[in-house]
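Architecture at a glance
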Amino acid sequence: MHVAIVTTYPPGKGTLNEYAYHFVRALRTKEEITHITLLVDNLPDAAEYPLPEMSAGLAQLDIVPSWQFDSATNAWRILSTVRTIDPDVVLFNLQFASFGGTKAAASLGLTAPWLVKLADYPSMVLLHNIMETVDLQNAGYANNRAIESVMRMAGTTVTRMLLNADLVALTIPKYVEILHAKYRTSNVLLAPHGSFENDAPLPTFDLPPGPRQIMTFGKFGTYKRVEMMLEALRLLERAGYTDLEMVVAGSDSPNARGYLDQMQQACADLPNVRFTGYVAEEDVPRIFQAAAVVVFPYTSTTGSSGVLHQAGSYGRAVVLPKIGDFAEVITEEGYDGEFFDPADAQTLANAIARILDSDERRQELGMRNYLASQGLPIADVLDWYLLHFEEIIARHPKRAAKHRMPAPPALVGERPQATS
């Protein structure tokens with residue numbers, strides 16, 4: 001099977017790049033897959049994607065830059081590339097802002113699955129968020145209620161276009177229920193997020209020498225914001241915690257360019273705050289393993305959190321706002337942490353302190369999250385995808401014909417048997 005995947009991918013910095021990395025790494029090991037082509041966004045400054053590793057037992061991997069963030073022509077460019085490479089099935093790894101920070105570019109890009117379906121290619125969308133549950137003002141997409149109302153109507157239209165794909169997979173049960181109820185559709189199914197590390201070794205809970213690190217990881221400036229963490233750090237220092245370092249690991253959200261530069265200026269009085277910038281995939285383990293606690297300074301959520309699954313894989317204690325989809329993930333998948341009110345920095349400081357004050361509590365949460373992360377490895381989730389790839393290929397007669405095995409040749413000296 002030749003699978004094309006429309007996605008961001010490291011070293012690209014777009015949303016969902018890390019999920020794609022782990023998804024593709026596991027997919028290449030499946031014997032049903034012979035070839036994977038990634039249709040990725042163009043890197044800035046004429047940078048190029050590295051050549052993929054090639055080895056026995058791994059499917060061939062090609063990386064083809066096919067679209068540009070914030071371009072209005074992405075859907076047509078993707079369709080053109082799909083026709084050129086002629087895959088058996090096309091998977092879109094998406095959220096609503098995958099193709100642009102502007103409303104027009106984001107919406108037009110999301111017509112790509114529909115165009116691919118019209119061109120008679122089996123198409124499947126892995127949708128990490130839905131418009132119905134996104135806080136548009138906190139996420140940076142709407143400045144007032146009037147704009148929010150218009151965007152929600154537009155979001156309904158875009159969702160209907162996405163639902164024209166053969167299959168739409170969602171990572172949270174609530175999302176499936178919402179789309180079934182609102183759109184009366186039968187092609188929406190639950191696909192668990194899966195953990196990134198398959199059979200990850202038991203993590204060490206020992207902390208490195210030096211200041212205890214309070215780490216946050218992601219793309220910041222919209223619903224992931226640093227201000228509350230800075231305020232919580234000041235509160236902790238006033239309460240006598242003098243051995244702390246706050247680590248902001250990641251980069252700006254595409255919708256909030258320059259945000260982290262502003263935050264660096266705002267905390268010039270705090271020498272124990274470190275901004276790492278973009279974290280390369282090979283450096284991710286080190287960042288997590290050095291953290292005493294991983295904080296999620298979110299004002300709202302827009303889907304299942306890959307960072308939470310990563311924190312679990314490395315056995316980290318976490319501090320979470322018990323809002324929206326986090327509560328759903330924690331209930332469904334067994335994660336746990338200390339919780340805070342996303343409107344109150346003191347509750348964040350208190351939640352961090354409860355972990356810092358007790359190595360026993362820190363290790364208990366770390367172990368619980370590690371075990372949750374190992375419950376359903378992404379490699380197992382991919383078996384679900386393979387079944388559905390085969391099912392939607394069967395709906396397209398031309399594609400299905402490519403997968404029919406030819407009749408076995410007659411043995412030498414034998415006459416082929418007649419068939420009715």
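What comes next concerns the included structure. (Residues numbered from 1 in each chain as written. Predicted model: local features only at pLDDT ≥ 70, side-chain atom pairs only at ≥ 80, totals over all residues. Heavy atoms only, no water.)

1. Some details on the overall build of the protein
The line we're drawing: Numbering of helices and strands runs from the N terminus; a helix is a DSSP stretch of H or I covering at least four residues, while a strand is a stretch of E covering at least two. Categorising residues by exposure relies on relative accessible area from a 1.4 Å probe, with only protein chains included: less than 20% of the type maximum marks a residue as buried, more than 50% marks it as exposed, and the intermediate range marks it as partly exposed. By definition in these notes, contact holds between two residues if any of their heavy atoms fall within 4.5 Å. We get accessible surface area from the Shrake-Rupley algorithm with a probe of 1.4 Å; when it comes to residues, only the shown protein chains can shield them.
Along the backbone of the protein there are 15 helices and 13 strands. Within the protein, the fraction of its 420 residues that count as buried is 56%. For the protein, restricting intrachain contacts to residue pairs at least 6 apart in sequence, the fraction spanning at least 24 positions comes to 75%. Of the roughly 18500 Å² that the protein leaves accessible, carbon and sulfur atoms contribute 53%.

2. Let's talk about the packing of aromatic side chains
Each pair of aromatic rings is reported with the distance of its centres and the angle of its planes. Rules: Ring pairs shown here join Phe, Tyr and Trp side chains whose ring centres sit within 6.5 Å, with only the six-membered ring taken for Trp; geometry is labelled stacked below 30 degrees between planes, edge-to-face above 60, and tilted in between.
What the rule picks out here adds up to nine aromatic pairs. Ring plane angle 80° and centroid distance 5.0 Å describe the contact between Trp384 and Tyr385, whose orientation is recorded as edge-to-face. Owing to a relative accessible area of 0%, Tyr385 belongs among the buried residues under this scheme. Between Tyr385 and Phe389, the aromatic rings sit 6.3 Å apart at their centres with planes inclined by 55°, giving tilted as the arrangement. Here Phe389 and Tyr385 lie together in helix α14 (residues 378-393), a separation of four residues that amounts to about one turn. Aromatic ring contacts, followed pair by pair, group Tyr19, Phe23, Trp384, Tyr385 and Phe389 into a single cluster.

3. Looking at the sheet that holds strand β1 (residues 2-6)
Filter applied, for reference: In this analysis, strands are considered paired if DSSP registers two or more bridges between them. Fitted lines through C-alpha atoms give the axes, limited to the stretch in contact for helices. The angle between two N-to-C directions lies from 0 to 180 degrees.
Reading across the sheet, the seven strands line up as β3-β2-β1-β4-β5-β6-β7 and stay open at both edges, with parallel pairing between neighbours. Whereas interior strands pair on both sides, the edge strands pair on one side only; in this sheet they are β3 (60-67) and β7 (188-190). For this sheet, the mean angle separating the axes of adjacent strands, direction not counted, is 25°. Note: strand β4 (residues 89-94) against strand β5 (residues 123-127), five bridges, orientation parallel. Opposite Asn93, over in β5, you have Leu126 as the bridge partner.

4. Some points on the pattern of salt bridges
To be explicit about the condition: For this document, the term salt bridge refers to a Lys or Arg side-chain nitrogen within 4 Å of an Asp or Glu carboxyl oxygen.
Scanning the entire structure with this criterion turns up 14 salt bridges. With its nearest N and O atoms 2.7 Å apart, the salt bridge here joins Asp269 to Arg234. In this pair, Asp269 is assigned in the loop between α8 (259-266) and β10 (273-277) and Arg234 in helix α7 (residues 227-238), connecting sequence segments 35 residues apart.

5. Focus on the packing of helix α1 (residues 17-27) against α14
Just so we agree on the cut-off: If an angle is under 35 degrees, it is roughly parallel; if it is over 145, roughly antiparallel; if it lies from 65 to 115, roughly perpendicular; otherwise it is oblique. We call Asp, Glu, Lys and Arg charged. Ala, Val, Leu, Ile, Met, Phe, Trp, Tyr, Cys and Pro are nonpolar, and the rest, Gly among them, are polar.
In contact at an axis separation of 9 Å, α1 and α14 are set at 75° when each is read in the N-to-C sense. The pairing of α1 with α14 is recorded here as roughly perpendicular in orientation. For the pair α1 and α14, contact is made by Tyr19, His22, Phe23, Ala26 and Leu27 and by Ile378, Ala379, Leu382, Tyr385 and Leu386, respectively. Class assignment for the residues of the contact of α1 with α14 results in nine nonpolar, one polar and no charged.

6. Quick look at the environment of Gln60
Following the sequence through the fold, Gln60 ends up in strand β3. Assessed through its relative accessible area of 35%, Gln60 is described here as partly exposed. With near-sequence residues (within four places) excluded, Gln60 lies in contact with Thr34, His35, Ile36 and Met54.

7. Describing the sheet that holds strand β11 (residues 291-295)
Ordered by their spatial adjacency, six strands build an open sheet running β10-β9-β8-β11-β12-β13, and the pairing between neighbours is parallel. Edge positions in the sheet fall to β10 and β13 (338-340), since each has one partner strand and no second. When strand polarity is set aside, the average angle formed by the axes of neighbouring strands in this sheet is 25°. Here strand β12 (residues 318-321) pairs with β13 via three bridges, running parallel. Bridge pairing in β13 links Pro321 to Phe340. α8 contacts β8 (212-220), β9 (244-252) and β10 of the sheet and is inclined by roughly 155° relative to β9. Strand contacts of helix α12 (residues 345-356): β8, β9, β11, β12 and β13, with the helix running at about 170° to β13, the strand carrying the most contacts.

8. Examining helix α6 (residues 173-183)
Rules: As used here, the arc is the angular range of directions from the helix axis to the C-beta atoms.
When α6 is considered as a whole, its buried residues turn out to be Tyr175, Val176, Leu179 and Tyr183. Around the axis of α6, the buried residues are gathered within 100° of arc, so they sit on the same side. Looking one or two residues beyond α6, the residue adopting positive phi is Arg184, at roughly 50°.

9. A word on the nonpolar core
Heads up, the rule is: The set of buried Ala, Val, Leu, Ile, Met, Phe, Trp, Tyr and Cys residues whose side-chain atoms join them within 4.5 Å is what this entry labels a nonpolar core.
Counting 37 residues, the largest nonpolar core has Val226, Val319, Leu348 and Ile352 as the members making the most contacts within it. Elements with a contribution of two residues or more to this core: β8, α7, β9, α8, β10, β11 and α12. Broken down by element, this core gets its largest block of residues, eight residues, from α12.

Everything listed here is a matter of geometry and, on its own, says nothing about what the molecule does.
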